[in-house]
Amino acid sequence: MLLHFGNVPVLVVSSADMAEEVMKTHDLVFSNRPRRKMSDILLYDSKDIANSAYGEYWRQMRSLAVLHLLSNKRVQSYSRVREEEAARMVETIKEFASSSVPLNLSEIFSGVTNDIVCRIALGRRYRGGGEGCNKFQELLLEFGELLGTISIGDYIPWLSWLNKIDGSYKRASRVAKRLDEFLDQVIAEHVGSCKRKEQEGLTDNVDDFVDVLLSVTSNAVGFEFDTITMKAILLDMFAAGTDTTYTVLEWAMAELLKRPAVMHKLQDEVRTVVGNRGNITEQDLVHMNYLKAVIKETLRLHPSLPVLVPRESTKGIKLNGYDIEAGTQVLVNAWAVATDPKCWDQPLEFKPERFLNSSVDFKGCDFQFIPFGAGRRGCPGVQFATAVDEIVLATLVHHFDWDLSAASKEVDMSETHGLALHLKSPLLAIATPYYE
Ligand code: HEM
């Protein structure tokens, strides 16, 4: 379907075949991202990976992230961080469980995901008191909210004065400045501690992303990599990696609470694999096929980014008989594709079993299921996200039995959109410890 948003032609793709045309057959033509004023303000002139224009700069940033930050090996090296944070979440929930107060699961999920991303990216948690903690959390919230808004000026340039008078650009500039100061401080602390370690002959066995980026900067040859680029990449990890990852947990738990039989089947699997050994390790997850199916089914019915991240055509092209001009924005409706009755049996039913004896995966080869996109601009954070989602969800159903709160006997599945697609109301449930 070809629409016009103001001055901009927008192609909406809603079938697996057309998604394949855009993201595989003509991927190169559709590898650009539209320029957005908000990302220019918040992300150093869009110098991050997700928003930068297709070209040499993007290629260098992307390969840096894929090779050094988000590779399988690097993601696995953070298994202890994820295990520790999942265990910490259990302790927090136990405090609530003893008072039978309904627990705000949405808050728990956003907190644990944020702690994991902060520890991996910046080296420590930035939540719950301590120097700079609240300031950073507040800034991240505002950053996400602003980045998720659509500016009318991007579509109708002569109306961009509206964004000036509604104060959103000014607010974004203030948030960008404060985040910039915060990241400068984090980087300076890392540089200081690197020097100290060098002088004392200490070696840290797990580097966080700032450590990795600092070592890449000092060894980078032949491409433009400065502190600005480093800060843009770090912010990308929060912008692209936090909300998207935690909303999967929110939707998965909402579906499980609505379907006790599915919840019990998952609990049986997790408890059989782990027994009463206490906390789950990532080694255990390898044996949890139903858990993986639950996460896939959640991403099928509730993709975190239902229309992915917009692409833009770099030149005119004929697609399915239609002329698509250069500069056309493309929205791939991943939700429509993943619920298309031509590809899926009972498409609107939550049935994790459909993935048990199936090779269909979200790695970007099966175009009927593309929650992480595909092709050159496909999500490089798939391993990172699934590692977090698997351990948190497994831990939650292993340690506790769950019941809807007395206040809400029905799960309210209404949606709202920020950076990612959220439940509109916080998910509340009562936890009863299983192993006491
Ligand atoms: C469940 C969680 C996640 C979902 C559903 C998701 C989904 C997506 C999607 C749909 C895109 C655009 C793909 C395209 O245009 O074809 C994308 C891009 C991206 N994602 Fe993710 N993502 C998730 C988690 C993460 C994580 C954890 C990170 C990093 C820590 C990350 C980093 C990125 C980056 C850097 C891009 C931009 C890639 C580029 O433009 O070259 N994502 N993601």
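Per chain, residue numbering runs from 1 following the sequence as it is written. Selection of residues for local features in this predicted model requires a pLDDT of at least 70, selection of side-chain atom pairs for listing and counting requires 80 or more, and totals for whole chains, interfaces and linings are taken over all residues. Neither water nor hydrogens contribute to the side-chain values; these are computed over all heavy atoms in the structure.

Participant: Help me understand the overall build of the protein chain, please; the structure alone is not making it clear to me.
Facilitator: Assigned secondary structure in the protein chain consists of 18 helices and 11 strands. For the radius of gyration, the atoms used are the C-alpha atoms, and the globule rule reads 2.2 Å times the number of residues raised to 0.38. For 436 residues, the compact-globule formula gives about 22 Å, and the C-alpha radius of gyration of the protein chain, at 22 Å, lands near that figure. Expressed along its principal axes, the backbone C-alpha trace of the protein chain runs to roughly 65 × 60 × 40 Å. Here the term buried applies to any residue with accessible area under 20% of the maximum for its type, exposed to any over 50%, and partly exposed to those in between, with areas from a 1.4 Å probe on protein chains only. Each of the 436 residues in the protein chain was classed as buried or not, and the buried ones make up 53%. We call two residues contacting when some pair of their heavy atoms lies within 4.5 Å. Of the contacts made within the protein chain by residues no fewer than 6 positions apart, 75% connect residues no fewer than 24 positions apart. The protein chains shown are the only cover counted for residues, whose accessible areas, like all others here, come from Shrake-Rupley with a 1.4 Å probe. When the accessible surface of the protein chain is summed, it comes to about 19,900 Å², and 52% of that surface belongs to carbon and sulfur atoms. Separation of charge centres in the protein chain, based on 48 positive and 59 negative side chains, amounts to 2 Å. Strands are runs of DSSP state E lasting at least 2 residues, helices are runs of H or I lasting at least 4, and numbering of each runs from the N terminus. Note on charges: Lys and Arg go in the positive column, Asp and Glu in the negative column, and His and the chain ends are not counted at all. Charged side chains are reduced to one point each, which is NZ for Lys, CZ for Arg, CG for Asp and CD for Glu.

Participant: Explanation requested: the nonpolar core in the structure shown.
Facilitator: The nonpolar side chains of a soluble globular protein tend to be buried with one another. Working definition of a nonpolar core: buried Ala, Val, Leu, Ile, Met, Phe, Trp, Tyr and Cys residues. They are joined through side-chain atoms within 4.5 Å. With 115 residues, the main nonpolar core has L122 and W402 as its most contacted residues. With 11 residues, the single largest contributor to this core is helix 18 (residues 382-399). Not counting the four nearest positions on each side in its chain, W402 is found in contact with I93, L103, L105, M253, L257, M263, L396, V397, A429, I430 and A431. Among the nonpolar cores identified, the runner-up in size contains 20 residues, and A16, L319, A334 and V337 belong to it.

Participant: Got a minute to help me understand the UniProt feature "binding site: heme" (unreviewed entry) in the protein chain in this structure?
Facilitator: The UniProt record marks C379 with the feature "binding site: heme" (unreviewed entry), using the residue numbering of this structure. With respect to the helices and strands, the residue C379 is situated in the loop between helix 17 (334-338) and helix 18. Residue classification places C379 among the partly exposed positions, given a relative accessible area of 34%. UniProt positions are given in the numbering used here, feature names are shortened, and annotations may be inferred rather than shown by experiment.

Participant: Got a minute to help me understand the site of the ligand in this structure?
Facilitator: We call a residue near a given molecule or strand whenever any one of its heavy atoms falls within 4 Å of it. Taken together, 30 residues lie near the ligand, and R33, W58, R311, R377 and C379 sit nearest. Polar contact is the term for a pair of N or O atoms within 3.5 Å; when the atoms are in protein, one must be able to donate a hydrogen and the other to accept it, and sequence-neighboring residues count only if both atoms are side-chain atoms. Within the backbone of A374, a nitrogen or oxygen atom sits 3.3 Å from an oxygen atom of the ligand. Where the shell around the ligand is concerned, the elements lending two or more residues are helix 3 (56-69), helix 12 (227-241), helix 13 (243-258) and helix 18. Per element, the largest residue contribution to the shell around the ligand is 4 residues, and it comes from helix 12. Ten residue types, Ala, Val, Leu, Ile, Met, Phe, Trp, Tyr, Cys and Pro, are classed as nonpolar, four, Asp, Glu, Lys and Arg, as charged, and the remainder, Gly among them, as polar. Taken together, the residues that form the shell around the ligand break down as 18 nonpolar, 7 polar and 5 charged.

Participant: Just checking my understanding: could you explain the packing of aromatic side chains for this structure?
Facilitator: Note on aromatic pairs: the rings of Phe, Tyr and Trp (six-membered ring only in Trp) are paired at centre separations within 6.5 Å, and the planes decide the class, stacked below 30 degrees, edge-to-face beyond 60, tilted for the rest. For the structure shown, the criterion picks out 15 aromatic pairs. Geometrically, the ring pair formed by F136 and F182 is stacked, given 4.2 Å between the ring centres and 10 degrees between the ring planes. Residue F136 is located in helix 7 (residues 133-147), and its partner F182 is located in helix 10 (residues 168-200); the two are separated by 46 residues in the primary sequence. Residues F136 and F182 agree in their burial class; the two are buried. Ring geometry for F362 against F369: centres 6.0 Å apart, planes inclined by 45 degrees, an arrangement best described as tilted. For F362, a relative accessible area of 7% corresponds to the buried category. Members of the aromatic cluster, joined through ring pairs, are W344, F355, F362, F369 and F372. Two thresholds decide whether a charge sits over a ring: the Lys NZ or Arg CZ must be within 6 Å of the ring centre and within 35 degrees of the ring normal. Directly above the ring of Y169 sits K37, whose terminal nitrogen or CZ lies 5.7 Å from the centroid. One residue, R300, lies across the ring of W344, its end atom 5.2 Å from the ring centre.

Participant: Hey, could you run me through the packing of helix 16 (residues 289-301) against helix 18 in this one?
Facilitator: Here the axes come from fitting lines to C-alpha atoms, over the contacting stretch only for helices, and the angles between their N-to-C directions go from 0 to 180 degrees. Axis separation between helix 16 and helix 18 bottoms out at 10 Å; the angle between their running directions is 115 degrees. Taken together, helix 16 and helix 18 sit at an angle that is classed as roughly perpendicular. Helix-helix and strand crossings are classified by hand; for helix 16 and helix 18 the assignment is right-handed. Residues L291, K292, V294 and I295 of helix 16 pack against D389, E390, L393 and A394 of helix 18. Roughly parallel means an angle under 35 degrees; roughly antiparallel, over 145; roughly perpendicular, 65 to 115; everything else is oblique. Working rule for handedness: look at the near helix, and if it is turned counterclockwise from the far one by less than a right angle, call the crossing left-handed; if clockwise, right-handed.

Participant: What is the right way to read the pattern of salt bridges from this model?
Facilitator: Side-chain pairing between opposite charges can occur once the charged atoms of the two side chains come close. By definition here, a salt bridge exists when the distance from a side-chain nitrogen of Lys or Arg to a carboxyl oxygen of Asp or Glu is within 4 Å. In this structure the tally under the stated criterion is 30 salt bridges. With a closest N to O distance of 2.9 Å, D323 and K318 form a salt bridge. Of the residues examined, D323 reaches a relative accessible area of 59% and is grouped as exposed. We classify K318 as exposed; its relative accessible area is 53%. Between D361 and K363 there is a salt bridge; the shortest N-O distance is 3.4 Å. For D361, a relative accessible area of 19% corresponds to the buried category. Linked by salt bridges that have partners in common, R80, E84, E85, R88, D115, R119 and R125 make up one network.

Participant: So what exactly am I meant to see when it comes to helix 18 here?
Facilitator: Side chains of residues three or four places apart in an α-helix project in the same direction, reflecting 3.6 residues per turn. With 18 residues, helix 18 extends 26 Å from end C-alpha to end C-alpha; this agrees with the ideal 26 Å at 1.5 Å per step. The element helix 18 is largely enclosed, with a buried count of 17 among its 18 residues. The span expected for a helix works out to 1.5 Å for each residue beyond the first.

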